[in-house]
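# Structural characterization, general
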Amino acid sequence: MSVPTTVLVLASPGQGHVNPLMILSQRLVEYGCNIIFVNTESIHNKVITSMGNQEGGFTEQSRIKLVSIPDGLGPDADRSNLGELLDSIMKSMPAKLEKLIEDLRLKDGVTLSCIVIDVVVAWALEIARKIGIKGVLFYPSSATALALQHSIPKLIEDGIIDSNGLPITQKTFQLSPSFPPMDTTCIWWAKTYPLLHGNEIFNQFVHLMQTVEPPEWWLCNSTPDLEPGALSYTPKLLPIGPLLRSYEDDKERSLGQFWEEDLSCINWLDQQPHASVVYLAFGSSTLFDNKQFAELALGLELANRPFLWVVRQDSDSDSDYNNKVSLPNEFKGNQGKIVKWAPQQKVLSHPAIACFVSHCGWNSTIEGLSNGVPFLCWPYFADQFLNKTYICDALKVGLGFDSDETGLISHEEIKDKVDKVLKDGNIRSRAHVLKEKLLNNLKDGGTSSENLNKFVKWLNE
Ligand code: UDP
């Protein structure tokens with residue numbers, strides 16, 4: 001009997017990074033691989049806690065083994081300071097990863113075939129090279145975001161951005177003739193500056209592109225129907241999307257979630273009319289200020305439709321990831337349900353869902369598109385603005401919100417856009433056609449299915 005191929009998957013500490021890598025891991029298990037899934041210790045603890053009250057969950061017999069490495073920060077450190085966190089990871093994790101791999105070999109007799117590496121921790125490619133095993137990078141956002149990242153020197157040379165990565169003037173540009181024209185608002189790393197107080201993400205990319213030898217493959221959660229230009233632009237980019245969770249095996253249902261899924265919302269959805277519910281979720285790190293939060297609540301009240309709204313709350317109420325907000329007195333919420341964390345993919349595939357008010361994180365984008373759900377886009381950070389442009393202007397399966405002169409999205413605007421998107425038959429039918437196209441990629445002979453076959457064949461060589 002042949003020994004199963006063992007793959008180490010190294011995730012960076014973000015929900016939008018762990019989720020697609022976990023789905024990829026589950027796919028690889030279907031091909032007979034064993035997976036060592038490595039999170040930072042603080043994320044590992046969240047993942048294990050989130051599975052606490054569910055039946056099943058991770059079992060020792062599972063072919064996915066969850067392990068962790070400390071991120072180098074103290075137990076009380078502020079991990080929402082992304083720059084500091086990534087810096088600490090880069091300094092302290094490489095040696096610990098090497099030690100983990102050595103221990104796996106000596107103590108458990110595990111020989112790795114490959115490391116699948118989240119792009120944020122791309123330094124691990126050098127470790128794979130050093131120990132003589134395969135290494136691939138996984139890019140958790142769109143191929144277009146990666147193409148922009150690859151084009152940083154060209155964008156500087158062409159006078160589109162300065163050496164700090166900021167757009168010089170607002171204008172339209174084209175990365176290559178196969179790309180649609182883009183506006184400088186798509187320079188997505190510039191959208192991280194206000195929140196991170198500087199160009200840390202940009203500097204990390206420049207460092208990455210200068211120091212890391214190109215990998216054999218870049219895996220990404222996309223498809224040629226979605227991003228033909230971008231996929232042909234970056235060499236060795238292998239689209240394997242849409243990466244969607246399989247809910248057939250309930251035992252594995254929440255492997256990788258940072259918060260416990262509130263499954264009661266599925267029973268609630270079962271009682272709502274077909275295509276009636278507005279689903280609102282803003283991913284794992286969006287924070288609202290109280291005024292905007294109140295306006296959103298009043299907008300839902302005014303829209304007078306059933307809604308399911310995810311308002312994230314950590315058990316530690318002082319956590320920097322927490323939304324420190326409260327519902328206005330006028331809000332009754334009789335038509336809706338608020339949960340702390342939803343089984344999002346299950347929610348989006350429910351027939352009661354009518355539209356998705358989303359922050360447009362790439363995973364949420366892919367999940368919404370794969371379920372044919374029209375979008376109302378409310379981007380917050382980084383690539384979410386680029387994804388919004390994509391959803392509204394290129395794919396035309398959603399609408400954005402307009403803010404007033406103070407930057408606030410008013411409750412009337414929220415009601416109007418909900419009404420508008422729900423009445424728009426063209427958006428709905430385009431979303432439906434796109435869903436079919438995306439899902440065809442996963443069928444036998446589909447592009448992503450063939451790409452995954454190709455990848456596994458290469459793994460086993
Ligand atoms: N998600 C979820 N339940 C929620 C909200 C989000 O399971 O209530 C999942 C969602 O399905 C997606 C991930 O969390 O896979 C969020 O990733 P995304 O890239 O959309 O946003 P990020 O959290 O990185 O901003």
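This one's a predicted model, so the numbers in the text were calculated from it and none came from an experiment. (Residues numbered from 1 in each chain as written. Predicted model: local features only at pLDDT ≥ 70, side-chain atom pairs only at ≥ 80, totals over all residues. Heavy atoms only, no water.)

## Brief notes about the sheet that holds strand S12 (residues 336-339)
Strands sit in the order S12-S11-S10-S13-S14-S15 across an open sheet of six strands; the sheet is parallel. In this open sheet, the two edge strands, each paired with only one partner strand, are S12 and strand S15 (398-400). Direction aside, the axes of adjacent strands within the sheet are offset by 15 degrees on average. Both strand S13 (residues 353-358) and strand S14 (residues 375-377) contribute to a ladder of three bridges, which runs parallel. Along S14, the bridge assignment pairs Ser358 with Cys377. Lying over the sheet, helix H11 (residues 290-303) contacts strand S10 (277-281) and strand S11 (307-310), oriented at roughly 165 degrees with respect to S11. Strands S13 and S14 of the sheet are contacted by helix H13 (residues 362-370), whose axis makes an angle of about 155 degrees with S14. (Pairing = 2+ DSSP bridges. Helix = DSSP H or I, 4+ residues; strand = E, 2+ residues; numbered from the N terminus. Axes fitted to C-alpha atoms, helices over the stretch in contact; angles between N-to-C directions. Contact = heavy atoms within 4.5 Å.)

## Side note on the pairing of strand S1 (residues 6-10)
By the criterion of burial, S1 is predominantly enclosed, with five of the five residues buried. The alternating pattern of S1 places Thr6, Leu8 and Leu10 and Val7 and Val9 on opposite faces, both of which are buried. Pairing of S1 with strand S2 (residues 34-40), which is carried by five bridges, proceeds in the parallel orientation. By the bridge assignment for S2, Thr6 is matched with Asn34. Regarding topology, helix H1 (residues 15-30) serves as the crossover connection from S1 to the parallel S2, and that connection is right-handed. Pairing of S1 with strand S4 (residues 114-118), which is carried by four bridges, proceeds in the parallel orientation. Its bridge partner being in S4, Val7 is matched across the sheet by Cys114. (Buried < 20%, exposed > 50% of the residue type's maximum accessible area, 1.4 Å probe, protein only. Right-handed = clockwise from strand over helix to strand, strands pointing away.)

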